[in-house]
Amino acid sequence: MATHLSITGFVVVALAIFFASAMQASIGFGMGMLAAPIVAIVDPGLIPATLIMLAVVVSVLVLVRDRTSLDLSGAGWALAGRLPGSAVGALLLVLLPERGLAILLALVVLGGVALTSFGWVPLPHRRNLMVAGAASGILGTATSIGGPPMALVWQRNTGAELRSTMSCFFLVGSLISLAVLAVAGAVDVHTATLFVFLAPATVLGFLLSRVVNRVLDRRRLRIVAITVSAVGALVLVVQQVLALM
């Protein structure tokens, strides 16, 4: 699955990671939705392991910054569902071919975009948190996109509370996913090496979020995130269809 990135390919991936990290550090989710479709086109070997490693970096930085607003109880119930979900996600990664994963990834993005756009607001009680956590575990481990289920159930939260709670969930959940992926053989030298080279883009994206949080309205940022994510997913679908012709 591993490929060798050209300089142009690396720049494209680094820019996607930079902007996706800024978005996640600003609104609490979206790194996978924005970056994964672009990364999948350039180097599918980086999904999901490298993106999950980079998500850990963003989660740590945001959690340290916004730690005083953390809803630890809500994150705990969501994590109770994440563990079994991660195991199912790793199984999908082993069973599905690369093209199947790419299509699944695109469908997850488009589904998340649709649900977010229509404004469905499930209540964040224990059952919904556990179900959302399980769904996030499946999707996050298989495709690196675990944000939409949690964004739906926590969308009543705002600002620092949303960012810190989701970051706590993603930090622990991503570490669980990486452990499961390592056992499944989906973490290798290629994914780890690119993580090292792309980590600076992640940190710079986090620093950009500090400016974005001051000057850009959260609603407008979400609209941009939804639009870019949808376009990226559609491009990925078209690419896979053309590859079959």
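As shown above, the structure is provided for reference.
Conventions adopted
- Per-chain numbering applies: the sequence of each chain, read as written, is numbered from 1 onward.
- Local features in this predicted model are restricted to residues of pLDDT 70 or higher, and side-chain atom pairs are both shown and tallied only at a pLDDT of 80 or more, whereas totals for entire chains, interfaces and linings draw on every residue.
- The side-chain figures draw on all heavy atoms in the structure; neither hydrogens nor water molecules are used.
- Where helices and strands are cited, they refer to DSSP runs of H or I of at least four residues and of E of at least two residues respectively, numbered from the N terminus.
- Three exposure classes are used, based on accessible area relative to the maximum for each residue type with a 1.4 Å probe and protein chains only: buried under 20%, partly exposed in between, and exposed over 50%.
- Every residue pair with non-hydrogen atoms within 4.5 Å of one another is taken to be in contact.
- Polar contact is the term for a pair of N or O atoms within 3.5 Å; when the atoms are in protein, one must be able to donate a hydrogen and the other to accept it, and sequence-neighboring residues count only if both atoms are side-chain atoms.
- With a 1 Å grid laid over protein atoms only, a set of points is called a cavity when a 1.4 Å probe fits there but cannot get out and a pocket when it is open yet has protein on both sides within 12 Å along at least five of seven lines; lining residues have an atom within 4 Å of a point.
- Grid points are joined across faces, edges and corners, and a volume is the space filled by probe spheres set on the points.
- Here an axis means a line fitted to C-alpha atoms, over the contact stretch when the element is a helix, while the angle between two N-to-C directions is reported on a 0 to 180 degree scale.
- Here is the rule for angles: anything less than 35 degrees is roughly parallel, anything more than 145 is roughly antiparallel, 65 through 115 is roughly perpendicular, and the remaining ranges are oblique.
- Take the far helix as your reference; a near helix turned counterclockwise from it by less than a right angle gives a left-handed crossing, and one turned clockwise gives a right-handed crossing.
- Three categories are distinguished: nonpolar for Ala, Val, Leu, Ile, Met, Phe, Trp, Tyr, Cys and Pro, charged for Asp, Glu, Lys and Arg, and polar for the others, with Gly belonging to the last.
- Whether two aromatic rings pair depends on their centres lying within 6.5 Å, for rings of Phe, Tyr and Trp, where Trp uses its six-membered ring; planes under 30 degrees apart make the pair stacked, over 60 edge-to-face, and the rest tilted.

### What to know about the overall build of the protein chain
- What the protein chain contains, in helices and strands, is 10 helices and 0 strands.
- Starting at the N terminus and ending at the C terminus, the protein chain contains elements arranged as α-α-α-α-α-α-α-α-α-α.
- A buried classification covers 51% of the 245 residues belonging to the protein chain.
- Summarising the internal contacts of the protein chain: among those between residues at least 6 apart in sequence, 84% fall at separations of at least 24.

### Let's talk about the side chain of threonine 191
- Mapped onto the secondary structure, threonine 191 falls in helix α9 (residues 189–215).
- Separated by 2.9 Å, the side chain of threonine 191 and the backbone oxygen of aspartate 188 make a polar contact.

### A look at empty space enclosed by the protein
- For the coordinates displayed, the defined rule picks out 3 cavities of 30 Å³ or more.
- Surrounding the largest cavity, 18 residues form its lining, Gly32, Ala55, Ser144, Gly146 and Phe170 being those nearest its centre.

### A look at the packing of helix α1 (residues 7–27) against α9
- Taken N-terminus to C-terminus, the directions of α1 and α9 make an angle of 40°; their axes are 7 Å apart at the nearest point. With respect to α9, the element α1 is oriented oblique. α1 and α9 meet at a crossing whose hand is right-handed. Taken together, the residues of α9 that come into contact with α1 (itself represented by Phe10, Val13, Ala14, Ile17, Phe18, Ser21, Ala22, Ala25 and Ser26) are Leu194, Phe197, Leu198, Ala201, Thr202, Leu204, Gly205, Phe206, Leu208, Ser209, Val212 and Asn213.
- The class makeup of the residues in the contact of α1 with α9 is 15 nonpolar, 6 polar and no charged.

### Structural notes on the packing of aromatic side chains
- Across all of its chains, the model carries 3 aromatic pairs by this definition.
- Note on phenylalanine 18 and phenylalanine 19: the rings are 4.9 Å apart at their centroids and 65° apart in plane angle, and the pair reads as edge-to-face.
- For phenylalanine 19, a relative accessible area of 47% corresponds to the partly exposed category.
- One aromatic cluster in this structure is built from Trp154, Phe169 and Phe170.

### Here's the deal with the side chain of serine 167
- On the secondary structure map, serine 167 appears in helix α8 (residues 159–184).
- Taking relative accessible area as the criterion, serine 167 reaches 3% and is therefore assigned buried.
- Here serine 167 is in contact with Ser59, Val62 and Leu63, once residues within four sequence places are set aside.

Remember that the coordinates give geometry; whether it matters functionally is a separate question.
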